[in-house]
Amino acid sequence: MMKSSFLRDCLIALAAFAILAVLPFVYPSRGMSDFVIRLAAFGIFATSLNLLVGYAGLESFGHGLFFGLGAYTFALTMQKLGTSIPVAFALTILLSVVVACVVGAICVRLKEIYFAFLTLAFQMLLHSLIIAWTPLTGGDQGLTGGVPRPPFLGIRLDQPYHLYLFCGGLLVLCLLLMRHIVQSPFGYTLRMIRDNPARATFLGVQVWRMRLAAFVIAGAFGSIGGMVMSLFVSGAFPDFAYWTISGEAIFMIMLGGTTVFFGPLAGAIMLLMLNDAVTKLTEHYGLVLGIIILMFALGLRKGFMDYLAEWWRGRQMSSVAAPAATQARPLPAQPVKVAGE
Amino acid sequence: MDLPALGNCVTSLSCIITQSTSGLIIGMLLFLVAAGVSLIFGVLKVVNFAHGSFYMLGAYLTLTVYGVTGSFLLAVVAAAIGVGLFGLLFERLIISRVYGSQVLMQLLVCYGVILILDDLVKIIWGAEFRSLGMPDVFLKPPFLFGGGVVPVYYLFLIVLTLIIAVLLGLAITKTRLGKIVRAVAVNPGMVSALGINTGLVYAGVFLLGGMLAGLAGALAAPVRSIVSGMGLSVVVESFIVTVIGGMGSVAGALVGSLLIGLVRSFGTIGFPLFTEGLMFLLMAVVLVLKPSGLFGRET
C-alpha cells in the first residue's frame, strides 16, 4: 500500500518534471520561467512551513530564519570559498540542520504562543546579525557582487534554461521528498501529536523529540527555498531574513490551505500572481496586501484547497448516501473576492 | 566584542550614570508598550502583534499635533487618546472576530493591519525619517550627577513613566475595576455569569493598552527618529519583556523592561554587534530557569 502510493507519487513527479521541461518550448517567455523559479523558492519554503503548521501543529512565526540562513550561507560559500554548487548546497543544509537543532531544542517544548514568538525572536536575531556584520554580509545593502555559477555534471546554471530546469526540478524533488515524509509512519506520528499530544505520550511517543525532528526537517527544506532564491537573484538581501518573509509564507499556506499537501503550493502560486498584479498597478503594495489579508482572515478563514477538499469529500459522501445529505459548501470562484464582513 | 571599553565604562561614575539614564529611558518607554501587550495577553490570551504600530501611530500623531498647536502637552494627550480610540476600534472591528481561532490566524490579522498602517503612514507623512526636535519647555541646561550628564527631558520622562507604572499597578491590584480585569483573565465564563459584560472589559483593556502605547510613542518622539516600521522591534522587545517578567504582571513588565533597557545601553558599549543577541540570551535563560517568568504564576 505504502510502496505503491510512493511509486504513484514518483510517477506524478516525473510527469510534472517533464511538463516543466517542455513548457519553455511551447510557451517561450522570460516572465514565465522567472515565475517558475520564484515559485520553486516559495513553493518549497511554504510547503516546508506547512510540515510544521499543518502536520506537526507547531505554529512557527520565524520560519524565515531558514530562508535567510539558506540564502546567505549559500551565497557566502560560493563567493568566499569558491566551492562547486552541490558542495555549497550540502554545506548550507548541514548548517541549517545544526541551527535548527539548537533553536528547536529551545523552542519546541514551549506552548504555542511562546513558540511562535521565540522562533520570531531567533529570526530577528539573524536579521540584526546580517545588518550589523557588514564586512561579511554587506549589511543593509545586501550581499552583492554576484554568486558564481560554475558548471557541474553537465549542468550550466549560467544558461537560463538550465537554471530554470534546475530550480523546477528541485521544486518537484523537494515536494516529492516532503510528500514521502508526511505519508510515512513518522508523518502520521506528527499528526497524532498535533491532534492529541497527551495520547501520543501515553502510547510511548517522545513528543518533544518528534517535534524537534519535524522542526529540523522543515528547517532544512526551508533553507533550500532560500538557496533557490539566492541563485535566482545572484546575491542575498537582508529582506530574506526579515519577518515579512515569515508573514508572507504564513499567508501563502493559509490562503492555499493547511489541510491539503498541495495547499501551500497553490497559495504560493496565488500570492506570487497577486504580487505581480498589485505591484504593476500601484506602489502601495502593503496597503493592498494588508486589505486582502484582512478580507481573507475575517471573511473566508479557510484556504482554497481546504474548500476544494471539503467539496470533494461532500461529493463522495453524497454519491454514497442520499443526495440530499450533502454538506458540501459551494466553492468560491475566486478565494480572495468574498469579504464576509 | 569590546570588553575593555565596557570595563572602562563600569569603573567610571560618569559613564555609569550616562548609560544608566539612557538605559532607563529605553526601559521606561518599552514598559509603556509592554504593559499593554502583557495586559492584553493576560486577559484575552491574544498577542497583539500590531501593538508596535500603535506606538508608531502615537509618535506620528504627536508630530502633527505638535506641529499644528506647538504645545507638547496637548500633543501627548492627543496621541494617548487618539491611539486609545484606535485600539478600541481595532478590538471591536477586527481582533474580536478571531478570538479563539488559531494563533497563526490572529498573527495573520495583525500582520495585515501592520502592512496597512505602515503604508498609510508613508502616504500621509512620507517615507523619510522624521524627527520632532526637543520641545522648548525642555531646552534647559542638563543636570550633572557625579560627572554624568542627564538632560531635563530624560528626568521628566523617567519620573512620569514611574508614576504611571505605580498608578497602573495600584489600579490592577487595589480597585474594583482591576479586580474584574483579573477575574476575567482567570475565568471569563464565571465573570459573565455574575452579570458583568466581559466584551466591555475586553474593549476596555484594548483602550487602555492603546493609550499606553500612544503615550509611549508621544514621549519617544523627541528622542527617537520617527519612521514607518519603527514599531516592529518594539513589539518584539515587548514580547521578550513579557516573557522575562511573566504574562499579565505589571511589576514583571516594569522589571523586564528596565533589564532590557540596561542590557541595551551597556551592551552597545561592550558588544556592539551582539546587543540584540544579549536580549535573546537573557530571555532564553529565563525561559529555561523559570518558564512562567520572574513574576508570573505557575500555570
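Residues numbered from 1 in each chain as written. Chains lettered and ligands numbered in written order. Predicted model: local features only at pLDDT ≥ 70, side-chain atom pairs only at ≥ 80, totals over all residues. Heavy atoms only, no water.

**Focus: the overall build of chain A**
Move 1: Broken down by element type, chain A carries 14 helices and zero strands.
Move 2: When the helices and strands of chain A are listed from N to C terminus, the series reads α-α-α-α-α-α-α-α-α-α-α-α-α-α.
Move 3: Its C-alpha atoms give chain A a radius of gyration of 20 Å, near enough to 20 Å, the size a compact globule of 341 residues would have.
Move 4: The dimensions of chain A, computed from C-alpha atoms along their principal axes, are 65 × 50 × 45 Å.
Move 5: In chain A, which comprises 341 residues, the share counted as buried stands at 54%.
Move 6: Total accessible area computed for chain A in this model is approximately 15,200 Å², and 68% of it derives from carbon and sulfur atoms. (Helix = DSSP H or I, 4+ residues; strand = E, 2+ residues; numbered from the N terminus. Rg over C-alpha atoms; globule rule 2.2 N^0.38 Å. Buried < 20%, exposed > 50% of the residue type's maximum accessible area, 1.4 Å probe, protein only. Areas by Shrake-Rupley, 256 points an atom, 1.4 Å probe, with all protein chains shown as cover.)

**Looking at helix H5 (residues 103–125) of chain B**
Move 1: If you check H5 of chain B, its first and last C-alpha atoms are 32 Å apart, about what 23 residues at 1.5 Å a residue would give, namely 33 Å.
Move 2: The positive-phi residue at the C-terminal boundary of H5 of chain B is glycine 126 of chain B, with phi of around 90°. (Expected span 1.5 Å × (residues − 1).)

**Notes on the pattern of salt bridges**
Residue and element names in this part refer to chain A.
Move 1: Counted according to the given criterion, the structure contains six salt bridges over all chains.
Move 2: Aspartate 9 serves as the salt-bridge partner of arginine 8, at 3.4 Å between the closest nitrogen and oxygen.
Move 3: Accessibility expressed as a relative area gives 11% for aspartate 9, which makes it buried.
Move 4: The salt bridge involving aspartate 9 is made with arginine 179; its shortest N-O contact spans 3.5 Å. Here aspartate 9, found in helix H1 (residues 2–26), pairs with arginine 179, found in helix H7 (residues 160–183); they are 170 residues apart in sequence, far enough to count as distant. (Salt bridge = Lys/Arg side-chain N within 4 Å of Asp/Glu carboxyl O.)

**Focus: the environment of serine 184 of chain A**
Move 1: Summarising the element assignment, serine 184 of chain A is placed in the loop between H7 and helix H8 (185–195).
Move 2: Residues serine 184 of chain A and phenylalanine 6 of chain A, spaced 178 residues apart in sequence, show a C-alpha to C-alpha distance of 9.7 Å.

**Some points on the domain arrangement of chain A**
Think of interface size as the accessible area that goes away when the parts come together; that is how it is often given.
All names here are of chain A.
Move 1: Per the domain assignment, the segments making up chain A are domain 1 (2–20 + 30–240) and domain 2 (242–341).
Move 2: Counting residues at the interface gives 30 residues for domain 1, matched by 20 residues for domain 2.
Move 3: Both sides together, the interface formed by domain 1 and domain 2 hides about 2,200 Å², and carbon and sulfur atoms give 76% of it.
Move 4: Where domain 1 touches domain 2, the interface holds one salt bridge.
Move 5: Note that arginine 38 is salt-bridged to aspartate 276, the shortest N-O span being 2.8 Å.
Move 6: Linking domain 1 with domain 2 are eight residue pairs in polar contact (both at pLDDT 80 or more).
Move 7: Elements with a minimum of two residues in the side of domain 1 that touches domain 2: helix H2 (30–56), helix H3 (64–81), helix H5 (112–132) and H7.
Move 8: The element that contributes the greatest number of residues to the side of domain 1 that touches domain 2 is H2, accounting for 13 residues. (Domains from an automatic or database assignment. Contact = heavy atoms within 4.5 Å. Buried area = accessible area lost by both parts, 1.4 Å probe. Polar contact = N/O pair within 3.5 Å; in protein donor to acceptor, adjacent residues only side chain to side chain.)

**Details of the interface of chain A and chain B**
Move 1: The partner chain B presents 35 residues to the 41 residues of chain A that form the contact.
Move 2: Summed over both partners, the interface of chain A with chain B comes to about 3,800 Å²; 81% of that surface belongs to carbon and sulfur atoms.
Move 3: Contact with chain B buries area across many residues of chain A, yet Tyr114, Phe117 and Trp243 of chain A alone supply 17% of it, more than any other trio.
Move 4: The tally of links between chain A and chain B comes to zero salt bridges.
Move 5: Viewed at the interface, chain B and chain A are joined by five residue pairs in polar contact (both at pLDDT 80 or more).
Move 6: Of all the elements in the fold, those that place two or more residues in the side of chain A that touches chain B are H5, helix H11 (243–256) and helix H13 (285–300) of chain A.
Move 7: Residue contributions to the side of chain A that touches chain B peak at twelve residues, all from H5 of chain A.
Move 8: Class assignment of the residues belonging to the side of chain A that touches chain B gives a composition of 28 nonpolar, seven polar and six charged. (Nonpolar A, V, L, I, M, F, W, Y, C, P; charged D, E, K, R; others polar.)

**A look at a nonpolar patch on the surface**
Residue and element names in this part refer to chain A.
Move 1: Taken together, the side chains of Leu81, Val87, Leu91, Leu94, Val98, Val102 and Ile106 define a hydrophobic patch exposed on the protein surface, amounting to about 590 Å² of accessible area.
Move 2: No other element matches the six residues that helix H4 (residues 85–107) contributes to the nonpolar patch.
Move 3: Position of valine 87 relative to the elements: it lies in helix H4. (Patch = residues over 30% accessible without salt bridge, like charges linked within 9 Å, V, L, I, M, F, W, Y side chains within 5 Å.)

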